[in-house]
Amino acid sequence: MTGPETPDGCEDVAQPGAGEVTATVIVRAPAATVFAGFIAWERQSDWIPFTRVRVVRGDGGEGSLVEAVTTVGPAVLRDEMRVVRVDAPYELRVVHCGLLLRGPGVLRCTPMERNRTQVVWHEWFHLPGGTAGRWAWPLLWPGSKFSLGQALKRFARLVESGQLP
């Protein structure tokens, strides 16, 4: 991802990193409804555990800065991301450009028959810690994949029940 899709200050992390995680879910709702649920940034707190999300700058669309803060006990993880592309209702691209979480992410909504939508959420992270980070990733990956998958399942239930967007 370079050129107009590379957010200022994030050029070094706009390309995929070595840490990769993907989750998929089928939502029984039209793609436009599903997509609207995703870009309701502050509502992500309803389906991503221990996390509060807010738009720091912009309107939540392209060029916006979004912050997600996850707190578990004394541990706090701050994730800053730039929204680099919004192609509603099909694709949303971000670049994580915080201190720890860095790299591109994409969410794709593919319309299916009978008002269903396949959602694919894919993240590529630049692993901190050099060689140690690359060695640790295979141990961390299963938990990351599981957490992302569980969040998408919660999201699907909220959309299907009409609680999102």
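Notes on the structure follow. Note that the coordinates shown come from a computational prediction; the quantities given were computed from them, not determined experimentally.

Parameters and conventions
- Counting restarts for each chain, with residues numbered from 1 along the sequence as it is written.
- Local features are withheld for residues below a pLDDT of 70 in this predicted model, meaning they are given only at 70 or higher, and side-chain atom pairs are given and counted only at 80 or more; totals for whole chains, interfaces and linings count all residues.
- Note that the side-chain values use all heavy atoms of the structure and ignore hydrogens as well as water.
- Geometry of aromatic contacts follows a simple scheme: Phe, Tyr and Trp rings, the Trp one being its six-membered ring, pair when their centres are within 6.5 Å, and the pair is stacked under 30 degrees between planes, edge-to-face over 60, tilted otherwise.
- Each helix corresponds to a stretch of at least 4 residues labelled H or I by DSSP, and each strand to a stretch of at least 2 residues labelled E; elements are numbered beginning at the N terminus.
- Note on exposure labels: buried denotes an accessible area under 20% of the residue type's maximum, exposed denotes more than 50%, and partly exposed covers the range between, all computed with a 1.4 Å probe on protein chains only.

**What to know about the packing of aromatic side chains**
Phase 1 of the analysis: Counted according to the given criterion, the structure contains five aromatic pairs.
Phase 2 of the analysis: With 6.4 Å between their ring centres and 75° between their planes, Phe38 and Trp121 make a pair best called edge-to-face. Of this pair, Phe38 sits in helix 1 (residues 31–38) while Trp121 is found in strand 7 (residues 116–125), placing the two residues 83 residues apart along the sequence.
Phase 3 of the analysis: Take Phe38: its relative accessible area is 2%, and that puts it in the buried class.
Phase 4 of the analysis: A relative accessible area of 14% means that Trp121 is categorised as buried.
Phase 5 of the analysis: When the centroid spacing of 5.9 Å and the interplanar angle of 70° are considered together, the rings of Trp47 and Trp121 count as edge-to-face. Taken as a pair, Trp47 in the loop between helix 1 and strand 2 (51–57) and Trp121 in strand 7 lie far apart in primary sequence, 74 residues in all. In this structure, Trp47 and Trp121 share a single accessibility class: buried.
Phase 6 of the analysis: An aromatic cluster of three or more residues is present, and its members are Phe38, Trp47, Trp121 and Phe155.

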